[in-house]
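Each chain, written out:
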Amino acid sequence: MKNYQTARGTQDILPKDTRKWNQVEDVIKQICHVYGYDEIRTPIFEDTSVFKRENDSSDMVNKEMYSFSMNQKDSLTLRPEGTAGVVRSFVQNKNYANADLPYKVFYKGEMFRYERPQKGRYRQFNQFGVENIGVKSPYIDAECIALGYSVVKSMGLNCVKVLINTLGDAQSRIDYREVLVEYFKEHLDGLCGDCQRRFVQNPLRLLDCKVDKESEIMKNAPSLQDSLSVESKQYFDQVLQALDNLQIPYEIDDRLVRGLDYYTDTVFEVVSTHSETGSQSAVFAGGRYDGLVEYFGGPQMSGVGFAMGLERLLLLAQAEGIQLDEDDSFDVYVMGLGEVNDVPFNLATMCRSAGYKTEFNPTTRSLKAQFKTVDRKNCKAVIIVGESELANNQVNIKFIETQKQICVDIDKIVEVLDAQFEEKEHGHEHGEKCECGSCNKEND
RNA sequence: GCGGUCGUGGUGAAGUUGGUUAACACACUAGGUUGUGGUCCUAGCAUUGCGCGGGUUCGAGUCCCGUCGAUCGCCCCA
């Protein structure tokens, strides 16, 4: 028998969880709004060349992309990240010419990477990210970090720290790469297998190797700082000053190099310090890119941005014990007893038209059972449609919190609800008596 | 892509050197209360079924192989 299940590395987000997602998305929208970033929605798949750029050595681009072709000619790819699509769009729509710069957008949505799944790492996952294109300024780098930091903080996360570094401008980076290659060429034999591979594919990444971290070869490696131009050094200092200004704590990590090849100057990574995080500790990360706009055919313009892993954000929130459940209670629950036909259904419709979140029960389960459902659904008021009251065009209404039950005319039901819910809002109570003559079980 | 651990109902889980009826608890359903819940009591609740498919055996949830999935570390990255 075949088992139907989600494909590896993908998951259903069930109703109980979408409430959390909505909350995260509300925080994101609110903060982006305050910072003046508007939402952009680019396609989930693009021409492969958008993501796979010449000379890009990252694994993400070379080994982890879901690429496909429908006609043997074109190659399309499910987006593995957000920045490339946004920059492509920026150039395609000539936003560099007719918009006020910087161009400030945020995106959120599914990304796809063919990796071995782990906790906090999925093949389909959600990222929120921002891009600020067109103006190069240390203040903007700092603003970008501040925005992401603000989202994380607004979610209630405490165990995070900002790591920051500079890669220098494009030339510094190229120079340094040469220096590194020159140095490691002599010491290849002393490095671990992964590093030997990195040496060929992406020499910069040699720096954050965990195995060789403590080795003499690594410690004596030429520092990136020495290849930095005066301008880049100065620029970095200004970014740090701006962060001081914002009172955002950070740690300079001169071994921090990002995986994507397009970064220049500022790079940063915000990681969780919580113990249960496992190996996937980065919450959001990004940096400045000087060459991308030009690469896509635009003018020489710089940009900066970050991407945040939303599943990870949620995971960390959970690890830190942050409650994200929204109120899922119902206002009204309508239940029927015996032969009451479509009265409960009609009552539910009336309540809904009046704006009350209403559930009704179309079955003939016992009252006891239905009240259990009421408890589970956390309903505030229950309308009980019984045959004897219905003879007088009346129904019982019970308010759960006060345990008060009254019998009212059907066409007064919304009035009674309005009165009760308004009372609650204003926080006081006045003893209402049952006005029904035929009803002998008033308040119990 | 590499190495390790794991996979029993709606949930948390027992399951002894392979041995006959897959514990226990929670949740759920029904009844005790001929029309009112959150306590209590009683009963029911894993299509001969233990992720799926093969194999060994008189006999497998327990052993072997394959496969799918989860998870941990590496790689990579958000």
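Procedures and definitions
- Residues numbered from 1 in each chain as written.
- Chains lettered and ligands numbered in written order.
- Predicted model: local features only at pLDDT ≥ 70, side-chain atom pairs only at ≥ 80, totals over all residues.
- Heavy atoms only, no water.
- Near = heavy atom within 4 Å.
- Helix = DSSP H or I, 4+ residues; strand = E, 2+ residues; numbered from the N terminus.
- Nonpolar A, V, L, I, M, F, W, Y, C, P; charged D, E, K, R; others polar.
- Pairing = 2+ DSSP bridges.
- Axes fitted to C-alpha atoms, helices over the stretch in contact; angles between N-to-C directions.
- Contact = heavy atoms within 4.5 Å.
- Patch = residues over 30% accessible without salt bridge, like charges linked within 9 Å, V, L, I, M, F, W, Y side chains within 5 Å.
- Areas by Shrake-Rupley, 256 points an atom, 1.4 Å probe, with all protein chains shown as cover.
- Salt bridge = Lys/Arg side-chain N within 4 Å of Asp/Glu carboxyl O.
- Lys, Arg positive; Asp, Glu negative; His and termini not counted.
- Charge placed at Lys NZ, Arg CZ, Asp CG, Glu CD.
- Buried < 20%, exposed > 50% of the residue type's maximum accessible area, 1.4 Å probe, protein only.

### Things to note about the protein's contact with RNA strand B
Around RNA strand B lies a shell of 54 residues, among which Arg113, Arg205, Asp375, Ser388 and Gln403 are the nearest. Listing elements by their share of the surface near RNA strand B, those giving two or more residues are β6 (124–133), α8 (193–201), β10 (282–289), β11 (303–309), α14 (367–377), α15 (387–390) and β15 (394–399). The dominant element in the surface near RNA strand B, judged by the number of residues it contributes, is α14, at seven residues. Here the residues of the surface near RNA strand B are counted per class, giving 15 nonpolar, 17 polar and 22 charged.

### Brief notes about the sheet that holds β15
Read across the open sheet, the five strands follow the order β13-β12-β14-β15-β16; overall the sheet is mixed. Both edges of this open sheet fall to β13 (358–360) and β16 (404–409), since each of them pairs with a single strand only. Across the sheet, the mean angle separating the axes of adjacent strands is 20° when strand polarity is ignored. Bridging between strand β12 (residues 330–336) and β13 involves three bridges; their strand directions are parallel. Directly across from Tyr333, in β13, lies its bridge partner Glu359. Across the sheet, helix α13 (residues 343–353) is in contact with β12, β13, β14 (379–385) and β15; its angle to β13 comes to roughly 175°. The strands touched by α14 within the sheet are β12, β13, β14 and β15, with β12 carrying the most contacts at an inclination of about 170°.

### Regarding a negative patch on the surface
A cluster of acidic residues, Asp26, Asp325, Glu326 and Asp327, forms a negative patch on the protein surface. Its relative accessible area of 44% is what places Asp26 among the partly exposed residues.

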